[in-house]
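Here are the chains, one letter per residue:
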Amino acid sequence: MAHVIAVAGKGGVGKTTLCGLLIQHLCETGKRPVLAVDADANSNLNEVLGVEAGPTLGQIREEMERAGMDVNTPIPVGMPKPDYLKMRLNDALTEEDDFDLLIMGRSQGSGCYCYVNGLVQTQIQSLQGNYPYVVVDNEAGLEHISRGILPQMNTMILVSDCSRRGVEAAGKIAELVRECGLKPDTMGLIVNRAPEGKINQGTAEEIEKQGLTLLGIVPHDDAVYEYDCDGKPTTSLPEDSPVKKAMQDIVAKLGL
């Protein structure tokens, strides 16, 4: 079975950026191939990794709804619809040299994401045996954990910025993980975008109040912002980037 790493936190704390750097470091240290899963309806992990995205599971869901009823999305003659779905799900896997990427995406318009969530769960279960590591970038908040999208996880990484609200949100996610009986081997917190790589006393007190294990602190780096504005993948940051170095130290601490 693959070692499943889940990354979660409230919106805007930079978890997708750190997730991409984690995937990159695993690949560079011989832990490849990695299955990278963007389980956020607002997907952008492919941009962090610098790869073109294939069809998302949300797009395939919409296609399957139209299949057989729309001349623009016909099912091949003689092919049962379940077989066609299986074929299209295989197309959703973007294959790179060191990792493969699966993107949840979103359904069109309003409506429930239950079906797409189910596709994410099914695909992770069917694919994970082919990889030593699976890294899942969860959507902001508690949705995937409360729905049991991940049937198992070995490492739970919670990401927060330096705010007490971010740490409090991470604490709520940790509490839900325990309530759902997921029991990861390791669960801890990364504080991201810390000025000069330090947290103040108030943030430290909130971490202790929430009962969270601090895995490490990632310093603020203007280069991350500049890369994002220029459309450059974060994984192309220079090797002496303080953000990259901090993530490498955290991965070493986790023993991954």
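Please read all numbers here as calculations on a predicted model, not as lab measurements.

### What to know about the pattern of salt bridges
A full pass over the atoms with the stated rule returns five salt bridges. A salt bridge links Asp-98 to Arg-32; the shortest N-O distance between them is 3.4 Å. You can see Asp-98 sitting in the loop between β3 (93-95) and β4 (99-103) and its partner Arg-32 sitting in the loop between α1 (15-28) and β2 (34-39), a full 66 residues away along the chain. Assessed through its relative accessible area of 44%, Arg-32 is described here as partly exposed. Between Arg-61 and Glu-62 there is a salt bridge; the shortest N-O distance is 2.9 Å. No difference in accessibility class separates Arg-61 from Glu-62, as the two residues are buried.

### Let's talk about unusual backbone geometry
In this chain, Arg-32 is followed by Pro-33 through a cis amide linkage whose omega measures -5°. Positive phi, close to 60°, is recorded for Arg-193, a residue that is not glycine. Looking at where Arg-193 falls in the secondary structure, it is placed in strand β7 (residues 186-194). Unusually for a residue other than glycine, Glu-196 sits at a positive phi of about 60°. Among the structural elements, Glu-196 can be located in the loop between β7 and α8 (201-209).

### Details of the packing of aromatic side chains
Scanning the model with the defined rule gives zero aromatic pairs in all. Between the NZ or CZ atom of Lys-232 and the centre of the ring of Tyr-227, over which it lies, the distance is 5.1 Å.

### Describing the pairing of strand β6 (residues 155-160)
The buried count for β6 comes to six of six residues, which makes it a mostly enclosed element. Side-chain alternation along β6 places Thr-155, Ile-157 and Val-159 on one buried face and Met-156, Leu-158 and Ser-160 on a second face that is also buried. In this sheet, β6 lies alongside strand β1 (residues 3-8) in parallel orientation, the contact comprising four bridges. Within β6, the position partnered with Val-7 by the bridge is Ile-157. Inspection of the sheet shows β6 paired to β7 by six bridges, in the parallel sense. Residue pairing across strands places Ile-157 opposite Gly-188, the latter belonging to β7. The parallel pair β6 and β7 is bridged by helix α7 (residues 164-179), and the resulting crossover is right-handed.

### Remarks on the sheet that holds β2
Read from one edge to the other, the open sheet built from eight strands follows the order β3-β4-β2-β5-β1-β6-β7-β8, with strand pairing classed as mixed. Sheet topology places β3 and β8 (214-219) at the edges, where each strand pairs with a single neighbour. Neighbouring strand axes in the sheet, compared pairwise and without regard to direction, differ in orientation by 20° on average. Bridge count between β7 and β8: four bridges; the pairing is parallel. Each residue of the ladder has a partner; that of Val-191, found in β8, is Ile-217.

### Observations regarding a negative patch on the surface
Together, Glu-47, Asp-222, Glu-226, Asp-228 and Asp-230 make up a negatively charged patch on the protein surface. For the negative patch, the element with the most residues is helix α9 (residues 222-229), which contributes three residues. With relative accessibility at 44%, the residue Glu-226 sits in the partly exposed group.

### Considering the side chain of Thr-155
In this structure, Thr-155 sits in strand β6. A polar contact of 2.8 Å, which involves the side chain of Thr-155, links it to the side chain of His-3. Not counting the four nearest positions on each side in its chain, Thr-155 is found in contact with His-3, Val-4, Ile-5, Ala-6, Pro-184, Thr-186, Leu-254 and Leu-256.

Reading the values: rules and limits
- Residues numbered from 1 in each chain as written.
- Predicted model: local features only at pLDDT ≥ 70, side-chain atom pairs only at ≥ 80, totals over all residues.
- Heavy atoms only, no water.
- Salt bridge = Lys/Arg side-chain N within 4 Å of Asp/Glu carboxyl O.
- Helix = DSSP H or I, 4+ residues; strand = E, 2+ residues; numbered from the N terminus.
- Buried < 20%, exposed > 50% of the residue type's maximum accessible area, 1.4 Å probe, protein only.
- Phe/Tyr/Trp six-rings, centres within 6.5 Å; stacked < 30°, edge-to-face > 60°.
- Lys NZ or Arg CZ within 6 Å of the ring centre and 35° of its normal.
- Pairing = 2+ DSSP bridges.
- Right-handed = clockwise from strand over helix to strand, strands pointing away.
- Axes fitted to C-alpha atoms, helices over the stretch in contact; angles between N-to-C directions.
- Patch = residues over 30% accessible without salt bridge, like charges linked within 9 Å, V, L, I, M, F, W, Y side chains within 5 Å.
- Areas by Shrake-Rupley, 256 points an atom, 1.4 Å probe, with all protein chains shown as cover.
- Lys, Arg positive; Asp, Glu negative; His and termini not counted.
- Charge placed at Lys NZ, Arg CZ, Asp CG, Glu CD.
- Polar contact = N/O pair within 3.5 Å; in protein donor to acceptor, adjacent residues only side chain to side chain.
- Contact = heavy atoms within 4.5 Å.

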